[in-house]
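# Notes for the structure review
Single-letter residue listing:
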Amino acid sequence: MPSDDAILETRRISRAVQDGSQTKTVIDHFSFSFKKGNIYTIIGPSGAGKSSLLRLLNRLDEPTEGDILFHNQNIKEHSPCRLRREIGYLFQTPYLFPKTVKDNLLYADSKLPADVIQRLTEQVQVPLSWIDRAVDTLSIGERQRVALARLLATNPEVVLLDEPTSALDPSYTESIENLVRSIVQQTSLTVIMVTHNPEQALRIGGETILLVAGRLVESGPCERVINNPQTEAGHLYKMRQLK
Amino acid sequence: MMSPSITQVLLSLALVAISIGVSRWWRIPVAKDMALGSVRAFIQLVAVGYALKFIFDLESLWLISLAILVMILVGAQAASGRVKSFKGVFPVTFTAMIIGSLFTLATMLALDIIPLEARYVIPLAGMIISNSMNASALAIDRLASDIRNNELAIETSLSLGKSWRIAAGNFQRDAATTGMISILNFMKTVGIVALPGAMTGMILAGAEPLEAVLLQIIVAYMLLSSVTITSVVAVELTVRKFFTPFHQLKKV
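Residues numbered from 1 in each chain as written. Chains lettered and ligands numbered in written order. Predicted model: local features only at pLDDT ≥ 70, side-chain atom pairs only at ≥ 80, totals over all residues. Heavy atoms only, no water.

### Some points on the overall build of chain A
- Scanning chain A from terminus to terminus reveals 9 helices and 10 strands.
- Relative to a compact globule of 243 residues, whose C-alpha radius of gyration would be 18 Å, chain A shows 18 Å and is just as compact.
- Seen along its three principal axes, the alpha-carbon backbone of chain A occupies a region of about 50 × 45 × 40 Å.
- Burial statistics for chain A: of 243 residues in total, 53% are counted as buried.
- Expressed as a percentage of contacts within chain A between residues at least 6 apart in sequence, the contacts between residues at least 24 apart total 67%.
- With the model as given, the accessible surface of chain A reaches about 11,200 Å², and the carbon-plus-sulfur share is 49%.
- Counting 28 positive and 29 negative side-chain charges, chain A places the centres of these two groups 2 Å from one another. (Helix = DSSP H or I, 4+ residues; strand = E, 2+ residues; numbered from the N terminus. Rg over C-alpha atoms; globule rule 2.2 N^0.38 Å. Buried < 20%, exposed > 50% of the residue type's maximum accessible area, 1.4 Å probe, protein only. Contact = heavy atoms within 4.5 Å. Areas by Shrake-Rupley, 256 points an atom, 1.4 Å probe, with all protein chains shown as cover. Lys, Arg positive; Asp, Glu negative; His and termini not counted. Charge placed at Lys NZ, Arg CZ, Asp CG, Glu CD.)

### Some thoughts on the interface of chain B and chain A
- Each side of the interface is counted separately: chain B has 16 residues, and chain A has 20 residues.
- Considering only the surface of chain B that becomes buried against chain A, Ser159, Leu160 and Gln248 of chain B emerge as the three largest contributors, covering 34% of it.
- Our count for the chain B to chain A interface comes out at 1 salt bridge.
- The partner of arginine 55 of chain A in a salt bridge is glutamate 155 of chain B, with the nearest N and O atoms 2.6 Å apart.
- Along the contact surface separating chain B from chain A lie 8 residue pairs in polar contact (both at pLDDT 80 or more).
- A per-element tally of the side of chain B that touches chain A places helix H7 (residues 151-159) of chain B first, with 7 residues.
- Residues of the side of chain B that touches chain A, tallied by class, amount to 6 nonpolar, 7 polar and 3 charged. (Buried area = accessible area lost by both parts, 1.4 Å probe. Salt bridge = Lys/Arg side-chain N within 4 Å of Asp/Glu carboxyl O. Polar contact = N/O pair within 3.5 Å; in protein donor to acceptor, adjacent residues only side chain to side chain. Nonpolar A, V, L, I, M, F, W, Y, C, P; charged D, E, K, R; others polar.)

### Points about unusual backbone geometry
Residues and elements named next belong to chain A.
- A positive phi is found at arginine 59, a non-glycine position, where the angle reads about 55 degrees.
- Following the sequence through the fold, arginine 59 ends up in the loop between helix H1 (50-57) and strand S4 (65-70).
- Accessibility expressed as a relative area gives 1% for arginine 59, which makes it buried.
- Positioned with a positive phi, asparagine 72 is a non-glycine residue whose angle comes to about 65 degrees.
- Inspection of the secondary structure puts asparagine 72 in the loop between S4 and strand S5 (73-74).
- Take asparagine 72: its relative accessible area is 35%, and that puts it in the partly exposed class.

### A look at the packing of helix H4 (residues 61-82) of chain B against helix H5 (residues 90-110) of chain B
All names here are of chain B.
- Two elements in contact, H4 and H5, have axes whose closest approach is 8 Å; the angle formed by their N-to-C orientations is 140 degrees. By the angle between their directions, the pair H4 and H5 is classed as oblique. H4 and H5 meet at a crossing whose hand is right-handed. Across the interface between the two elements, Ile68, Leu69, Ile72, Leu73, Gly75, Ala76, Gln77, Ala79 and Ser80 from H4 touch Phe90, Thr93, Phe94, Met97, Ile98, Ser101, Leu102 and Leu105 from H5.
- Residues of the contact of H4 with H5, tallied by class, amount to 12 nonpolar, 5 polar and no charged. (Axes fitted to C-alpha atoms, helices over the stretch in contact; angles between N-to-C directions. Parallel < 35°, antiparallel > 145°, perpendicular 65-115°, else oblique. Left-handed = near helix turned anticlockwise from the far one by under 90°.)

### Observations regarding the environment of tryptophan 25 of chain B
Residue and element names in this part refer to chain B.
- By secondary structure assignment, the location of tryptophan 25 is in helix H2 (residues 13-25).
- We classify tryptophan 25 as exposed; its relative accessible area is 74%.
- Along the sequence, tryptophan 25 and alanine 144 sit 119 residues apart, while their C-alpha atoms lie 43 Å from each other.

### Description of the pattern of salt bridges
- The full count for this structure, using the stated rule, is 13 salt bridges over all chains.
- The residue arginine 142 of chain B makes a salt bridge to aspartate 146 of chain B at a minimum N-O spacing of 3.1 Å. Within this pair, arginine 142 of chain B and its partner aspartate 146 of chain B are both found in helix H6 (residues 118-149), separated by 4 residues, close to a single helical turn.
- Residue aspartate 174 of chain B is joined to arginine 142 of chain B by a salt bridge in which the shortest nitrogen-to-oxygen separation is 3.9 Å. Taken as a pair, aspartate 174 of chain B in helix H8 (residues 164-189) and arginine 142 of chain B in helix H6 lie far apart in primary sequence, 32 residues in all.
- Accessibility expressed as a relative area gives 31% for arginine 142 of chain B, which makes it partly exposed.
- Each of the salt bridges in this network shares a partner with another, and the network as a whole consists of Arg15, Arg55 and Asp61 of chain A together with Glu155 of chain B.

### Section: H4 of chain B
Residues and elements named next belong to chain B.
- The terminal C-alpha atoms of H4, which comprises 22 residues, lie 31 Å apart, in line with the 32 Å expected from a rise of 1.5 Å per residue.
- Buried within H4 we find Ile64, Ala67, Ile68, Ile72, Gly75, Ala76, Ala79 and Ser80.
- Along its buried surface, H4 packs onto helix H3 (31-58), H5 and H6. (Expected span 1.5 Å × (residues − 1).)

### Let's talk about the confidence of the model for chain B
Residue and element names in this part refer to chain B.
- Of the residues in chain B, 99% have a pLDDT of 70 or more, and the chain-wide mean is 93.
- Element-level mean pLDDT values for chain B span from 86 in helix H9 (residues 197-204) up to 97 in H7.
- What the predictor reports for the complex is a pTM of 0.87 with an ipTM of 0.93. (pLDDT = per-residue confidence, 0-100.)

### Comments concerning the nonpolar core
- Within the largest apolar cluster, 81 residues are counted, with the highest numbers of intra-cluster contacts made by Leu8 and Ile192 of chain A together with Phe243 of chain B.
- Sort the elements by how many residues they give to this core and H6 of chain B lands first, with 15 residues.
- In contact with leucine 8 of chain A, other than residues within four places in its own chain, are Phe32, Ser33, Phe34, Leu57, Ile68, Leu69, Phe70, Ile87, Val158 and Ile192 of chain A.
- Of all hydrophobic cores here, the second largest spans 36 residues; its members include Val101, Leu105, Ile131 and Leu189 of chain A. (Core = buried A, V, L, I, M, F, W, Y, C linked by side-chain atoms within 4.5 Å.)

### Overview of the pairing of strand S10 (residues 215-221) of chain A
All names here are of chain A.
- Pairing geometry for strand S9 (residues 207-212) and S10, over 6 bridges, is antiparallel. Looking across to S10, one finds that leucine 211 is bridged to leucine 216.
- Here S9 folds back onto S10 in antiparallel fashion, the turn holding 2 residues, of which alanine 213 has a positive phi close to 50 degrees. (Pairing = 2+ DSSP bridges.)

### Quick look at the sheet that holds strand S3 (residues 39-43) of chain A
All names here are of chain A.
- An order of S6-S7-S8-S3-S9-S10 is seen for the 6 strands of this open sheet, with the pairing classed as mixed. Only two strands of the sheet have a single partner each, and these edge strands are strand S6 (87-90) and S10. If you compare each strand with its neighbour and ignore which way they point, the axes differ by 15 degrees on average.
- Both strand S7 (residues 158-162) and strand S8 (residues 190-194) contribute to a ladder of 5 bridges, which runs parallel. Counterpart to aspartate 162 in the pairing with S8 is valine 194.

Put into structure tokens, the structure is as follows:
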């Protein structure tokens, strides 16, 4: 049954990949319904399939089993290129084309009007004066913001963030977290953010999904999933984190 | 017209002996390769001489076509063997070379630049095919390694809703250019740095230099056409191996 307020829904999706002579299941019958305008964090040990899940949602990879629904319609019925503009994906180490900040924004949409460029730079807290700077003069944190602005330039409804702070120092981490929260508050965006750090999931708020070995083991309000898990796998994960 | 005798050929073995002597002296371990190579070159060239004489005497269109097909098959096999970055490219090199070579030859025949005679078609086809072979191997290798080394850039484009054609466009153009670079360089320096083979051959055989030059100009344009078409087709067929119909990058 499709849920009315679900913007993105996965139905028992799996993905198996060839690892040498063996077949490895990276996502294992994952079902979840993401609601419009909410913020979700996906936590779990490394190798749990967090990034693989985001790649499936952006359709950079194909599930070997199961269906993904966007606005209650199978994503196979969407054009992949249009779908990726509606469900944007920010890579863990974002790639900027070796040109200026403005060129990178225009790459997402060549007809981007000047006022939208201004709004985007304000949204990601990049000074408008940087617009003609070559991207190789930017720090990692600044590049992250430009990549986020470029992603928002496609005007997505869902944003997938793959550990956006993993390469940043604590002060930058905090500012990106604030940025993500403020974007969700200002817009009706749905944000799905992968993090390896449960503390960060608590700071971001919203709902949390705990992924272990490609399986959804626990989901719900972040406080409960992280501090008061209901399943054995959830407890195990909490114990490991405390150590 | 200079027409060497067997005695002259045997005497030229002195040059092989000198080469072997020099490498022995310097302890460069190639003496065996040199000896074998000289014998091989002798046998292969004599064999091809008889084969060409046979084909020229028969003057059969079928035989000309068969000879060209065999040359393309062997050339495509050699080109696919030279592509180290990924396997199974024989169908690509073969298709690219057959389109590049036949289109160029057909144009020359249709415009009456050369007559449909084995004496003209076969040697020119040989030049076309060996150049196309290099071009396809270089273009495919470049494209494959560029795509592998730029996965993040390509997937960034795809994730921003670009088609695979846009995401890989620059790499396609670079690869096609790589295939064409040797003929472009050749045209830049031809006649200044070196006299090319076809022209040297004609002059040695007693032709007037200006006649030889005219033929060489045709040869240069002919190679440009075949190399351009072969590179573009090779790149076009190769790039598709890296993407799914859903604009996803495949790990080949």
